[in-house]
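Structure at a glance
Below are the chains, spelled out letter by letter.
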Amino acid sequence: MNWQDLQNEKLEDLVEFVQLKGDEESISWSQAAFIVVTFKYRRELLERCTKMCVKSGLTETDAEEIANRVFEKFYNYPTFKVAKCKNKNIDKCFLLYLFKIARNEFVDYINPDESPYTGEEHVITSLINPDQNYTPEKLRELQEAERKLDKIFSKLTNKHKIIYLTYQYHEHEGKYLPKRLRQELKNVLKISQSSIRVYKKEAFELIESLKYGN
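Now for a quick tour of the structure.

Mapped onto the fold, A67 is located in helix α3 (residues 60–76). When its relative accessible area of 0% is taken as the criterion, A67 is described as buried. Once the C-alpha coordinates of A67 and F34 are considered, the two residues, 33 residues apart in sequence, prove to be 14 Å apart. Dropping the residues within four chain positions of it, A67 is found in contact with R42, L45, L46 and C49.

Attention now moves to the packing of helix α6 (residues 158–170) against helix α7 (residues 179–189). As a packed pair, α6 and α7 sit with axes 11 Å apart at the nearest point and diverge in direction by 165°. Compared by their axis directions, α6 and α7 come out roughly antiparallel. Classified by chirality, the crossing of α7 by α6 is right-handed. Residues K159, I162, I163, T166, Y167 and H170 of α6 touch α7, and the partners they reach there are L181, R182, L185 and L189. When grouped by side-chain class, the residues that make up the contact of α6 with α7 number six nonpolar, two polar and two charged.

With that settled, the discussion passes to the packing of aromatic side chains. Evaluation of the coordinates by the stated rule reveals twelve aromatic pairs. Judged by centre distance (6.3 Å) and plane angle (85°), the ring pair of F74 and Y97 falls under edge-to-face. In this pair, F74 sits in helix α3 while Y97 sits in helix α4 (residues 90–110), placing the two residues 23 residues apart along the sequence. Ring centres of F153 and Y164 lie 5.6 Å apart, and the angle between their planes is 45°; on these two criteria the pair is classed as tilted.

Next up on the list: a positive patch on the surface. Among the surface-exposed residues, R48, K51, K55, K100 and R103 lie close enough to one another that they form a single positively charged patch. Going through the elements one at a time, α2 (24–55) and α4 are the ones with two or more residues in the positive patch. By residue number, the principal contributor to the positive patch is α2, which donates three residues. Mapped onto the secondary structure, K51 falls in helix α2. Of the residues examined, K51 reaches a relative accessible area of 58% and is grouped as exposed.

Moving on to the environment of N89. With respect to the helices, strands and loops of the structure, N89 is situated in the loop between α3 and α4. Here K92 takes part through its backbone nitrogen, which lies 3.1 Å from a polar atom of the side chain of N89.

Relative to the helices and strands, R197 resides in helix α8 (residues 193–211). Buried charge without a salt bridge: R197, with E72 as the nearest opposite-charge side chain at an N-O distance of 4.1 Å. Once residues lying within four places of it in the same chain are set aside, the contact partners of R197 are F34, N68, E72 and Y75.

The next subject is the pattern of salt bridges. One pass over the structure, following the stated rule, counts twelve salt bridges. E141 is the partner of K138 in a salt bridge, and the nearest nitrogen-oxygen pair spans 3.6 Å. Here E141 and K138 lie together in helix α5 (residues 136–153), a separation of three residues that amounts to about one turn. Exposure remark for K138: the relative accessible area of 35% places this residue in the partly exposed category.

Rules and cut-offs
Residues numbered from 1 in each chain as written. Predicted model: local features only at pLDDT ≥ 70, side-chain atom pairs only at ≥ 80, totals over all residues. Heavy atoms only, no water. Helix = DSSP H or I, 4+ residues; strand = E, 2+ residues; numbered from the N terminus. Buried < 20%, exposed > 50% of the residue type's maximum accessible area, 1.4 Å probe, protein only. Contact = heavy atoms within 4.5 Å. Axes fitted to C-alpha atoms, helices over the stretch in contact; angles between N-to-C directions. Parallel < 35°, antiparallel > 145°, perpendicular 65-115°, else oblique. Left-handed = near helix turned anticlockwise from the far one by under 90°. Nonpolar A, V, L, I, M, F, W, Y, C, P; charged D, E, K, R; others polar. Phe/Tyr/Trp six-rings, centres within 6.5 Å; stacked < 30°, edge-to-face > 60°. Patch = residues over 30% accessible without salt bridge, like charges linked within 9 Å, V, L, I, M, F, W, Y side chains within 5 Å. Areas by Shrake-Rupley, 256 points an atom, 1.4 Å probe, with all protein chains shown as cover. Salt bridge = Lys/Arg side-chain N within 4 Å of Asp/Glu carboxyl O. Lys, Arg positive; Asp, Glu negative; His and termini not counted. Charge placed at Lys NZ, Arg CZ, Asp CG, Glu CD. Polar contact = N/O pair within 3.5 Å; in protein donor to acceptor, adjacent residues only side chain to side chain.

The values are spatial; any link to function lies outside them.
Pasting the structure below:
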C-alpha cells in the first residue's frame, strides 16, 4: 500500500485505516493512512506547539518533539470518534483533538516526573553483552535464546530485533525512552523516528502473536 493512494480519503476513513491491526496487509494500510494524516495536520499542530513552547521559553526543536509525541500517541491510541464531534467541520474537530493531546504532552514535557532513566541506557543489539563475562553455562543459555530470537525475527528484519531488545530492556511504562537513546537508535539503524515507531509496533505484535499461538 502506497500512502499516495489514500491522499483523497476522508478523515474518518483514514482514522479507521490507522486503527487496522493484524496481518501484514492491514499494517501497511495503517501505516499509509498514518502518513497521510501526519502530512495533512502536522503544519497546524506544529504551529500550535511552537506557540506554547515560545511562551514558556522553549525552542522550535522542543515544539517538534512535542508534535512528534502527539502523533505517536495518536498512532498508538487512535481514539478519535467523528460521532463525538460537536463541530460540523471534521477537520477542525480533529485538530482540536490533536491540540488536546498536545496540551497534555506539553505539560508532561515541561514538568516531567522523576525520570526512571539513569543516562547509561544504550542500544541493545544482542542478548549477549560482549563486555560482560559469562559462565560457560550462562553463555550457552544466552546463545540458544539468541538463536531462537533470530529465528523469530527472520520473519521481519534485524532492525526489528534491535528495536525490540532496546525497548524491552529499557522502556518504562508510560515513559518515553530518553531523547538521547532514541537519537542513538536512529543513528545506528539509519531510519527515522516514525519508522522506528512502526518497526516497534510490528516487532511487539509479532512477539505477542507467538505468545497466543496466532
